[in-house]
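The primary structure of each chain is shown beneath.
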Amino acid sequence: PVTAFGVGSRNEVGDRTGFAHLFEHMMFRGTPSFPAPFKTLSDWGGNFNAYTSFDVTNYFQTVPRHLMKDVFRFESERMRSLQITREGYNTERQAVISERKLNYEDNPMGRLRFELYQAAYDRHPYKTTPIGWQEDLDATSFEEALAFYKRYYAPNRAVMVVVGDFEIEEVLESIDQYYGKFKAEAWQETNIPQEKARITLRRKVIPAKSENVIMLDSVLGLRYGDERLASEALLCDLLADGEHGFLTKELVQKNYATRVSANCDAGIDPQLSTVSVSAAPGVSVAKIESLYLKALQNFPAWLTNEKVRRMKNYYLASQYSSLRNPSE
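Because the structure is predicted, anything quoted here is derived from the model rather than measured. (Residues numbered from 1 in each chain as written. Predicted model: local features only at pLDDT ≥ 70, side-chain atom pairs only at ≥ 80, totals over all residues. Heavy atoms only, no water.)

Caption draft 1: Quick peek at the overall build of the protein. Looking only at helices and strands, one finds twelve helices and seven strands in the protein. For the protein, whose C-alpha radius of gyration is 22 Å, the value lies close to the compact-globule estimate of 20 Å for 328 residues. With respect to the three principal axes, the spread of C-alpha positions in the protein is 60 × 45 × 35 Å. Split into buried and exposed, the 328 residues of the protein put 42% on the buried side. For the protein, restricting intrachain contacts to residue pairs at least 6 apart in sequence, the fraction spanning at least 24 positions comes to 77%. Working note: accessible area of the protein is about 18,200 Å², and carbon and sulfur atoms make up 52% of it. (Helix = DSSP H or I, 4+ residues; strand = E, 2+ residues; numbered from the N terminus. Rg over C-alpha atoms; globule rule 2.2 N^0.38 Å. Buried < 20%, exposed > 50% of the residue type's maximum accessible area, 1.4 Å probe, protein only. Contact = heavy atoms within 4.5 Å. Areas by Shrake-Rupley, 256 points an atom, 1.4 Å probe, with all protein chains shown as cover.)

Structure below.
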């Protein structure tokens, strides 16, 4: 099962960034029937995890079929009966602060992505990635955590998806058993300031003691449901797929870069479509930027109907392969 709550850093306004991700950690603090959730989930076998994005917070498990009802009971208690204590809150806040230092302050790619969103957005909450700002994490309170839980971890803010070997009626009966008495919370959508379109280049170079140069290039992308999403995803693969993309041929195979990738994911509001290039050792900022811009100019001449057809098949094959895994 996957349980997704409609809360991410998009819902954070003012000086309380990082709260959605912080609360993801809180959701592993235990419930009345499952006081040691990590032990419980490990004993069940399979796998489990969670993540916070700009738009949503997801919790998922893969377990044997005979434990299905146990998972529903576990997730339903996390939704409405989480054991939130002041001590537990302070522990998880310190864990998130340490994670931020490790993955964003001391990690060149993490810091670069954080700075990219700061530079790309002016008004929209996407400006700050889900990890948030250190000073905001320092300022949050236990009382705010309780209010956050009640507001966002309500049944009317949740979606559950279940995939596996079961009868549908059996699953629906179990969901009704464990979730049926929950009441909706009053909800009013946050007023999200929208980003204005712009056509000027914004460029920022961040000095860091790293082995090579990493470059990120982005444009304001698409919303969920946009009819152009398929072509945007295909363009990402054609340009920067690690095996067959044009930039792999032009930069990696010629030893100018060690890696290229692209991300054209959509969001509730326009997300960033981003290309990442990791320069080979000894290749300067100016050199990799010049080579990258030249490659972009040559990309249309390289692109043919046959290359598009091949990439479509490559993409579909990877999608079909992933569907063999229930969690995918």
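Now, onward.
Caption draft 2: Molecular detail of the layout of surface pockets. Counted as a void, the largest pocket has a volume near 1,100 Å³. Lining the largest pocket we find 41 residues, and of these Leu116, Arg202, Arg203, Lys204 and Leu216 sit closest to its centre. Per-class residue counts for the lining of the largest pocket are 24 nonpolar, five polar and twelve charged. If you go around the second largest pocket, you meet 23 residues; those closest to its centre are Ser53, Phe54, Tyr117, Pro130 and Asn263. Elements that contribute at least two residues to the lining of the second largest pocket include exactly helix H1 (19–26), strand E2 (47–52), helix H4 (86–105), helix H5 (108–120) and strand E7 (272–279). The residue inventory of the lining of the second largest pocket, partitioned by class, reads ten nonpolar, eight polar and five charged. (1 Å grid on protein atoms, 1.4 Å probe; cavity = no way out; pocket = protein on both sides within 12 Å on 5 of 7 lines; lining within 4 Å. Points joined across faces, edges and corners; volume = space filled by probe spheres on them. Nonpolar A, V, L, I, M, F, W, Y, C, P; charged D, E, K, R; others polar.)

Caption draft 3: The arrangement of the nonpolar core in detail. Core analysis: the largest hydrophobic core is formed by 37 residues, its most contacted members being Phe23, Met27, Phe148 and Tyr153. When residues of this core are traced back to their parent elements, those giving at least two are H1, helix H3 (68–80), H4, helix H7 (142–152) and helix H8 (168–179). Excluding residues within four positions of it along the chain, Phe148 makes contact with Val7, Phe19, Ala20, Phe23 and Tyr153. Of all hydrophobic cores here, the second largest spans 23 residues; its members include Phe246, Ala279, Ala280 and Phe299. (Core = buried A, V, L, I, M, F, W, Y, C linked by side-chain atoms within 4.5 Å.)

Caption draft 4: Layout of the sheet that holds strand E5 (residues 214–220). Ordered by their spatial adjacency, three strands build an open sheet running E5-E7-E6, and the pairing between neighbours is antiparallel. Edge positions in the sheet fall to E5 and strand E6 (257–263), since each has one partner strand and no second. Going across the sheet, the axis of each strand differs from the next one's by a mean of 10°, ignoring polarity. As paired strands, E5 and E7 are joined by seven bridges and run antiparallel to one another. Bridge pairing in E7 links Leu216 to Ser276. Across the sheet, helix H9 (residues 229–240) touches E6 and E7, and the angle it forms with E6 is around 175°. (Pairing = 2+ DSSP bridges. Axes fitted to C-alpha atoms, helices over the stretch in contact; angles between N-to-C directions.)

Caption draft 5: View of the state of the cysteines. Scanning all chains against the criterion turns up one disulfide. Disulfide pairing places Cys236 opposite Cys264 at an S-S distance of 1.8 Å. Because the sign of the S-S torsion sets the handedness, a value of about 80° for the bond joining Cys236 and Cys264 places this disulfide among the right-handed ones. Residue Cys236 is located in helix H9, and its partner Cys264 is located in the loop between E6 and E7; the two are separated by 28 residues in the primary sequence. (Disulfide = S-S within 2.5 Å.)

Caption draft 6: Quick peek at the pattern of salt bridges. For the structure shown, the criterion picks out 21 salt bridges. Here Glu77 and Arg73 are joined by a salt bridge, their closest N and O atoms 3.9 Å apart. Of this pair, Glu77 and Arg73 both sit in helix H3, separated by four residues, roughly a single helical turn. Residue classification places Arg73 among the partly exposed positions, given a relative accessible area of 36%. Across the pair Glu250 and Lys254 runs a salt bridge, and its minimum N-O distance is 3.5 Å. Through salt bridges with shared partners, a single ionic network connects Arg10, Glu189, Arg223 and Asp269. (Salt bridge = Lys/Arg side-chain N within 4 Å of Asp/Glu carboxyl O.)

Caption draft 7: The arrangement of a nonpolar patch on the surface in detail. A cluster of nonpolar residues, Tyr315, Leu316, Tyr320 and Leu323, forms a patch on the protein surface that exposes about 440 Å² of accessible area. Inspection of the secondary structure assignment puts Tyr320 in helix H12 (residues 305–322). (Patch = residues over 30% accessible without salt bridge, like charges linked within 9 Å, V, L, I, M, F, W, Y side chains within 5 Å.)

In short, geometric facts, not functional conclusions.
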